[in-house]
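Analysis of the macromolecular model
Listed below, chain by chain, are the residues.
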Amino acid sequence: AEKLWHYNWRMTSGVHVDNVQFVPMIKEPGNTLGTHTSDLPVAFEDGRGGVVKGWNEPDDAGQAGRDINLRSNPEAFAQAWTSDMLAAKAKGYTEFIGPAMAHDTCWLDYFLKACETTAGCKELVT
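In this report, we go over the structure that sits alongside the text. On a predicted model such as this, the values are computed, not experimentally measured, just so you know.

Turning next to the packing of aromatic side chains. Two numbers describe a pair of aromatic rings. These are the distance of the centres and the angle of the planes. Per the counting criterion, the structure on display carries 6 aromatic pairs. When the centroid spacing of 5.1 Å and the interplanar angle of 65 degrees are considered together, the rings of Tyr7 and Trp9 count as edge-to-face. The class of Tyr7 is partly exposed, set by a relative accessible area of 30%. Ring pairing ties together the aromatic residues Trp55, Trp81, Trp107 and Phe111, which thus form one cluster. Directly above the ring of Tyr7 sits Lys53, whose terminal nitrogen or CZ lies 4.4 Å from the centroid.

In structure tokens form, the structure reads like this:
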């Protein structure tokens, strides 16, 4: 069966449509638009399923990559990803959509390579 879902670059949504799941996003390391990762709502409630989207465009200076350290050194952020996704897992999420790239797919290569050697990380990237 086909799954229908929507997202809005936030952790919550006021939009509720029958048979359409909301997928919250942890937009950048540790938070979404100032809301801390610990405030991520529980999965499988209020129209949410078990999927959470990870960082939005860590390779773009106008998005999560506004942190120059994140944009220029993806290897250093595998532990931050693990922490964010473990927080989501503790809230019941079971699928973790990896960082979304804007321009530089090499960023993702470096990040995933570091994720392979960071305890718990590779299990938290779907």
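Attention now moves to helix H2 (residues 78-90). The first and last C-alpha atoms of H2 sit 18 Å apart over 13 residues, in line with the 18 Å expected at 1.5 Å per residue. Here H2 has its buried residues at Ala78, Trp81, Thr82, Asp84, Met85 and Ala88. Down the axis of H2, the sector holding all buried residues measures 165 degrees, keeping them to one side. Elements that come into contact with the buried residues of H2 comprise strand E5 (51-53), strand E6 (95-97) and helix H3 (105-116).

Time to look at the state of the cysteines. Any covalent bond linking the sulfur atoms of two cysteines counts as a disulfide. Tallied over the entire structure, the rule returns 1 disulfide. Here Cys106 is not cross-linked by a disulfide; its sulfur's nearest cysteine counterpart is in Cys115, at 17 Å.

What follows deals with unusual backbone geometry. Of note in this structure, Asn19 is not a glycine but carries a positive phi near 65 degrees. Assignment of secondary structure puts Asn19 in the loop between strand E1 (4-6) and strand E2 (20-22). The phi angle at Leu33 is positive, at roughly 50 degrees, despite the residue not being glycine. Position of Leu33 relative to the elements: it lies in the loop between strand E3 (31-32) and strand E4 (35-36).

The subject of this paragraph is the nonpolar core. Formed by 21 residues in total, the largest nonpolar core has its most connected members in Val52 and Trp55. Of all elements in the fold, only H2 and H3 reach the threshold of two or more residues within this core.

Conventions and cut-offs
- Residues numbered from 1 in each chain as written.
- Predicted model: local features only at pLDDT ≥ 70, side-chain atom pairs only at ≥ 80, totals over all residues.
- Heavy atoms only, no water.
- Phe/Tyr/Trp six-rings, centres within 6.5 Å; stacked < 30°, edge-to-face > 60°.
- Buried < 20%, exposed > 50% of the residue type's maximum accessible area, 1.4 Å probe, protein only.
- Lys NZ or Arg CZ within 6 Å of the ring centre and 35° of its normal.
- Helix = DSSP H or I, 4+ residues; strand = E, 2+ residues; numbered from the N terminus.
- Expected span 1.5 Å × (residues − 1).
- Arc of directions from axis to C-beta.
- Contact = heavy atoms within 4.5 Å.
- Disulfide = S-S within 2.5 Å.
- Core = buried A, V, L, I, M, F, W, Y, C linked by side-chain atoms within 4.5 Å.

In short, geometric facts, not functional conclusions.
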